[in-house]
Each structure stands twice: as C-alpha cells, then as structure tokens.
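One letter stands for each residue in the lines below.
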2 protein chains.
Amino acid sequence: MSARLQAGAELAAPSAFDAPLCPQPVPDAPRLTAAQGELLREISILDEYGERRFIHIPAERPLTVFVDKRELVTLMTLGASPELLVLGYLLNQRLVASVDEVESITVDWDVGAAAVKTHGGIIDLAEKTARRVVTTGCGQGTVFGDAMSQLESLRLPDVHSARIRQSTLHALLEQMRQRNSIHRKAGSVHGCALFCGSQLLMFVEDVGRHNAIDTIAGWMGLHGVAGADKTFYTTGRLTSEMVMKSAQMGVPIIVSRNGVTAMGHGLAEQLGMCLFGRAANRHFLCYTGFERFDSEPEPQRTAVRVVAG
Amino acid sequence: MSARLQAGAELAAPSAFDAPLCPQPVPDAPRLTAAQGELLREISILDEYGERRFIHIPAERPLTVFVDKRELVTLMTLGASPELLVLGYLLNQRLVASVDEVESITVDWDVGAAAVKTHGGIIDLAEKTARRVVTTGCGQGTVFGDAMSQLESLRLPDVHSARIRQSTLHALLEQMRQRNSIHRKAGSVHGCALFCGSQLLMFVEDVGRHNAIDTIAGWMGLHGVAGADKTFYTTGRLTSEMVMKSAQMGVPIIVSRNGVTAMGHGLAEQLGMCLFGRAANRHFLCYTGFERFDSEPEPQRTAVRVVAG
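Residues numbered from 1 in each chain as written. Chains lettered and ligands numbered in written order. Predicted model: local features only at pLDDT ≥ 70, side-chain atom pairs only at ≥ 80, totals over all residues. Heavy atoms only, no water.

Caption draft 1: Expanded view of the pattern of salt bridges. All names here are of chain B. Evaluation of the coordinates by the stated rule reveals 16 salt bridges over all chains. Across the pair D47 and R53 runs a salt bridge, and its minimum N-O distance is 3.1 Å. Between K245 and D214 there is a salt bridge, with its nearest N and O atoms 3.2 Å apart. With a gap of 31 residues between them, K245 in helix 8 (residues 240–248) and D214 in helix 7 (residues 209–223) connect regions that are remote in the sequence. Comparing K245 with D214 shows no difference in burial state: the two are buried. (Salt bridge = Lys/Arg side-chain N within 4 Å of Asp/Glu carboxyl O. Helix = DSSP H or I, 4+ residues; strand = E, 2+ residues; numbered from the N terminus. Buried < 20%, exposed > 50% of the residue type's maximum accessible area, 1.4 Å probe, protein only.)

Next comes the structure, spelled out in structure tokens:
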C-alpha cells in the first residue's frame, strides 16, 4: 500500500496523511475523508418538565465494505475517518497481515460504500470469514474465528521495557478529561486514544468502541507506528476482544474509564498485559499486569471523625 | 416447540417454566439452565492508594450455537439463561419465524455448546446468514441482512392503545433503581427488563445488551407474551438494532438509562415508536413518539438566589 490512502469523496490535506511518528502528537490526524453531513444531528426532545428543546445526538451511517468487489461487512460508523476504520478492521480481523497487501481504499458516501483493492486478493476470504465468534461488548460484536486462533503467536514486550508510572497514568487521564469531544456534546459515543507516555498521539470517537480501536489500528498500520511503547485508552469496557485487538496492535498497556469482564481479564493475564479500569480523575483500579506498573500511591484518605462532646 | 425447553445441564423447577403471563410479575423466570460456576468472579486488584483488595467482575463464557448440527455463531454470555438467549437470538435474527419451528434447545456447559433442533430445518440458513450487517452499539454487533429487510412488514399498535404516563415511567425507573443487580455488585453488564405498565415481568443481565434483549425475546416467544402493551427498558444505548429488536418483539415503547444514536432515533420515528433516554430517578428525555406519551410535568426547578445585603 502506498503511504497514501485513496480517499474518494474528498482528499484531506497532505499534513493529515504525513502524520509524524511518536513522539509528536497528531491528535487531528485520523480524518481522511470526512463523512458527508455533520457528525452531530440536532433533534427536538421533551423533558421531564414538559419542555421542548433541542439537543445533539451523534450521527451514524452504514458503510458497506467491499474487498476486491466482494461484499464483506457493513459497519455502522460516525464516519470521521472511514478509510482508517476499514484498514484497521481488515488488520484487526487478520484478513490482511499488513498494510502492504492493500492497494487502495476508496470511500464513497453517496452510496455508503468502501471499496478495498488488494494487490493479490485475500487468500481464503470465504473460509476466514465463515466462522463467526460473536463477542461481548454489545454482546454480539464479531471477530472471525481465525483472529482468535492466532492469539498464541502474539509477542508483547517484556515487563522491563514496557511499563507505566502512576504519574504518567494521571497525566494521561487529565488529558482525556480536558478533551473537547463529541461525547461531551452529544454522549452516546465511545472514544479511544493512543498515547506514548503521557503524550496523546491519536484520538478518535465512534458510535462503538470497536470502530474506534480499529481506526487506531488503521492509523498505526498506515504510518508504521509500533505498539510496544504505547498505551491504549478507551472509554469502553475491557472485554476479551478489546484486549485481543490491543495485543494484536502490540500495545501491552490498556486504560479504561469503564470496567473489565472476566474473559478480558483472563486474556490479559495470559498475555502478560497491564489493565487499568474505572480510571478517571485520580482514581483507577489496576486489574492485572502489576509488574508493568510503577505504583506511586496517593496519600490515604483521611477519615474525618466527628468527636462528640 | 413444546412449552418446555429441554435444558441440558439441569432442569429448572417447573415454576420457572410455567411463567404466568402479564400482569403477574415473574422476575426470576429467566433462569432455565444455570451456567456452571458463578455469575461473578473475584479478582485481586491494586488501587490508586497502593492497596491490594478483592473485587467482583462479571463472569462470561462462550456459547457456540449449533442449529441442526451446523455451527451458527458463538455468543459471549454471562450464562444465566442460555436457552432463552439462544431462542431469542434465533427469533430476533429472523432465523425462525416462531417458537413452533424449534423442537428443542439443549445447553451443555461442559463443551460450551447449545444444540438447537428444529422440526423442519431452517430454510436457506446459509443464505440468510450470508449477509452481515455489523451494527452500532459496540459498533460491530451483527444482524443478518434478512432481519433488516423485514422491517417494513412490522406493525405496532396505534398511539391510542399503546401509551405511557409520566407517573408510570417514574414508577418503572424507581423499580430499576432499587433492583439488586449484578451491575451493582460488579459493573460491566447491561440489564434489560420488560414491563407491563409499571409492573416488572422479566429482568435479565448479560455482558452485552444484545444478549439481554434477545433473552427477553426468547422468554416472550416461549410463553407467547405479546409486546403491544409492554414497555422495554435497557441500560444500554438506543442504537438502530436495539430499536429494531424491540419493534420485532412488538414493543412500541422503549426506555433507556443511556442515550440514542441518530439511526436509532430515525428508525423509531419511522416506526412510530416512543423512545425515552437518559432516564434515571425522575429525569428523562423523550426523543420521539411524543404522541404516545402523557406528560405530567414536574414542577420547574426553582433557582436559589442569594441576595446580598
């Protein structure tokens, strides 16, 4: 794949493509082809006081992915960076092993389609997509069987070279807290971010956290960004497939504002990853991978005791 | 299908099967075959104060569904009521038109499998499952193309016969607030409930809201419960496929603790459904279907003004 995705509807400025690698932050890099229309839609609601007023909700639209003219899947997306989403989807589903197999991805919002051209065709596409594992999250997300079976081949960096300090974690969370986001305006979206230390490299929101993480995978794939020294942040739950995707991206440390499921926890333990959940402001729980974490304990809460008399 | 699902691992007491129809509440009816092991798992965590302690997280396990010995899909589930989940999945995906097509559903947790026997086989199963629409929610949930195409044939009750009063909505929310749930103990699960007026008929939690709503669909299907006079409650977002599933179940009113996406909103408008979001305590937003809602406005907030001097 050339360094540039062929964007159908409109070409982004070169600066958006030529995203510098870590450690320069490129928070606005994800957008390649902007979706037609806005990311927000205004609707009229009635509240508990009987008042009619306007609020914003996130827009979403179907994007049907065709690989070498064969329909693969329809993704429901906010549509902020569809080419990266499609590329990341192919990578995370292990339908392509590397970005080099992809010649171009062309998005046409008029027909809601993303056309992927590969150099040599995807071998055994039908076979690879025949087994569906419907996953947690929404409960029925999808990874293809093949992706799960390749887990054992994953290698993450050792605990000495990939670790995180509590102060770095705090700095990261503080950036997420301050961020002006669609979630803040309209709710009902999930955000994902990629950090190098406490430096934000990439932030993306979508209607689902799977689309968001796939978009990050696409960005990493396109620009050849390695995951070993990165931290992945998500507002969503740490289910098995979110953990799996992060592992596939080579990112050993995950931070979530939300909780963890048993299989997400088990998988992270097995892979030697470090998971943080319920992480916001100065709070968090480290679920597993303690050996990657340099704890700098907060002062204990002092119980305020009112003594009578 | 006989009135009784054939439960593999253990048969529930008859009372759990012979669930009375509306308006008698049967909040503990969902469980047919309890999953092996507990619904919660205890793990050791490290918090921001450097303290190690134990917390509970929801357990989840894979359940692979075989229809007439053909592998269909693997669901990740908490496993509280797997037969109802599988039945509801088949119904909501429109793979079976009614419960009568199903002879038995047998769950074996030792191998994590649910074996569905149909009376006559599912016609065109391969064709029906060939087109996947990956939906919102997690972003990549799955409904098969066929389910979406049948939307236009849905008929919901008119606005005079299916409506909700604000006081009923409050009563419903109060019951959800007080409910002792896995979510309260462990977080990271979604709950769904079915109400008749303010009376709770069925409540189920699962790792994903799709599994939870499918379980309710299975319960309704098994017991022949109609949806026209019911209200569906969910902790999850109102995405297009949650709205669609509710419509398929014949339930015209949906209440969510969470928000709405643009396609969920659009679909509900199109189908003439009534959607409430951000609903908790005495707050809510009515997004659409105002004509089904009898507003009983709360007194306006009185601004507290501190007058100097």
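Caption draft 2: The arrangement of the packing of aromatic side chains in detail. Residue and element names in this part refer to chain A. One pass over the structure, following the stated rule, counts six aromatic pairs over all chains. Considering the side-chain rings of F276 and F293, the 5.0 Å spacing of their centres and the 75° angle between planes classify their relative orientation as edge-to-face. Note that F276 is positioned in strand 14 (residues 274–280) and F293 in strand 16 (residues 293–294), a separation of 17 residues in sequence. Residue classification places F276 among the buried residues on the basis of a relative accessible area of 0%. A residue is classified by how much of its surface remains accessible, and F293, at 6% relative accessible area, is buried. Looking at R61, its charged tip hangs above the ring of W109, at a distance of 5.7 Å from the centre. (Phe/Tyr/Trp six-rings, centres within 6.5 Å; stacked < 30°, edge-to-face > 60°. Lys NZ or Arg CZ within 6 Å of the ring centre and 35° of its normal.)

Caption draft 3: Representation of helix 8 of chain B in the model. Of all nine residues in helix 8 of chain B, nine are buried; the element is thus mostly enclosed. Every buried residue belonging to helix 8 of chain B is among B:S240, B:E241, B:M242, B:V243, B:M244, B:K245, B:S246, B:A247 and B:Q248, and all of these are buried.

Caption draft 4: Structural context of the sheet that holds strand 11 (residues 199–206) of chain A. Strands sit in the order 11(A)-10(A)-12(A)-13(A)-14(A)-15(A)-1(B)-2(B) across an open sheet of eight strands; the sheet is mixed. The sheet is open, and its two borders are formed by strand 11 of chain A together with strand 2 (52–58) of chain B, each paired with just one other strand. Between one strand and the next, the sheet's axes are offset by a mean angle of 30°, whatever the strand orientation. Bridge count between strand 15 (residues 283–288) of chain A and strand 1 (residues 40–47) of chain B: two bridges; the pairing is antiparallel. Looking at strand 1 of chain B, one finds that A:C286 is bridged to B:L46. (Pairing = 2+ DSSP bridges. Axes fitted to C-alpha atoms, helices over the stretch in contact; angles between N-to-C directions.)

Caption draft 5: Looking closely at the sheet that holds strand 11 (residues 199–206) of chain B. An order of 2(A)-1(A)-15(B)-14(B)-13(B)-12(B)-10(B)-11(B) is seen for the eight strands of this open sheet, with the pairing classed as mixed. Of all the strands in the sheet, the pair left with one neighbour each is strand 2 (52–58) of chain A together with strand 11 of chain B. Neighbour to neighbour, the strand axes of the sheet diverge by 30° on average, direction disregarded. Where strand 13 (residues 253–256) of chain B meets strand 14 (residues 274–280) of chain B, three bridges bridge the pair, whose relative direction is parallel. From the neighbouring strand, B:V255 faces strand 14 of chain B, where its bridge partner is B:F276. Along the sheet face, helix 7 of chain B touches strand 10 (190–196), strand 11 and strand 12 (230–234) of chain B and points at about 30° away from the line of strand 10 of chain B. Packed onto the sheet, helix 9 (residues 262–271) of chain B meets strand 1 (40–47) and strand 2 of chain A together with strand 14 and strand 15 (283–288) of chain B and runs at close to 65° relative to strand 15 of chain B. (Contact = heavy atoms within 4.5 Å.)

Caption draft 6: Looking closely at the relation of the copies chain A and chain B. Each copy of the sequence occupies a distinct position, and chain A is placed on chain B by a rotation of 180° and an axial shift of 0.0 Å, giving an RMSD of 0.0 Å. Expressed as an axis order, the relation between the two copies is that of a two-fold axis. Taken as a fraction of all interface residues of chain A, those also at the interface in chain B reach 100%, which identifies the copy contact as same-surface. (Least-squares fit on C-alpha atoms with pLDDT ≥ 70 in both.)

Caption draft 7: Structural detail: the interface of chain A and chain B. Each partner contributes to the interface: chain A provides 79 residues, whereas chain B provides 79 residues. Counting each side, the surface lost to burial between chain A and chain B is near 6,000 Å², with a carbon and sulfur contribution of 52%. For the pair chain A and chain B, the interface holds 24 residue pairs in polar contact (both at pLDDT 80 or more). Looking at the side of chain A that touches chain B, its residues break down into 32 nonpolar, 28 polar and 19 charged. (Buried area = accessible area lost by both parts, 1.4 Å probe. Polar contact = N/O pair within 3.5 Å; in protein donor to acceptor, adjacent residues only side chain to side chain. Nonpolar A, V, L, I, M, F, W, Y, C, P; charged D, E, K, R; others polar.)

Caption draft 8: Focus on the side chain of B:T64. Residue and element names in this part refer to chain B. On the secondary structure map, T64 appears in strand 3 (residues 61–67). A relative accessible area of 15% places T64 in the buried class. A polar contact is formed between the side chain of T64 and the side chain of T74, at a distance of 2.9 Å. If we ignore the near neighbours within four places in the chain, the residues touching T64 are E71, V73, T74, G112, A113 and A114.

Caption draft 9: Empty space enclosed by the protein, seen in detail. All names here are of chain B. Counted under the stated rule, the structure contains one cavity of 30 Å³ or more. Taken as a whole, the largest cavity spans an internal volume of roughly 40 Å³. Around the largest cavity sit T77, L78, G79, A80, S81, P82, L85, V204, E205, D206 and T215, which together line it. Mapped by element, the contributors of at least two residues to the lining of the largest cavity are helix 2 (82–92) and strand 11. Considering only residue class, the lining of the largest cavity consists of five nonpolar, four polar and two charged. (1 Å grid on protein atoms, 1.4 Å probe; cavity = no way out; pocket = protein on both sides within 12 Å on 5 of 7 lines; lining within 4 Å. Points joined across faces, edges and corners; volume = space filled by probe spheres on them.)

Caption draft 10: A look at helix 9 of chain B. Here helix 9 of chain B has its buried residues at B:A262, B:G264, B:H265, B:L267, B:A268 and B:L271. Downstream of helix 9 of chain B by a residue or two, B:G272 has a phi angle that is positive, lying close to 70°.

Caption draft 11: Structural context of the packing of helix 7 of chain B against helix 8 of chain B. Residue and element names in this part refer to chain B. At a closest axis distance of 11 Å, the pairing of helix 7 and helix 8 adopts a crossing angle of 5°. Between helix 7 and helix 8, the angle is such that the two are roughly parallel. Counted together, R209, H210, I213 and D214 of helix 7 and E241, M242, K245 and S246 of helix 8 form the full contact between these two elements. Per-class residue counts for the contact of helix 7 with helix 8 are two nonpolar, two polar and four charged. (Parallel < 35°, antiparallel > 145°, perpendicular 65-115°, else oblique.)

Bear in mind that shape data such as this cannot, by itself, settle questions of function.
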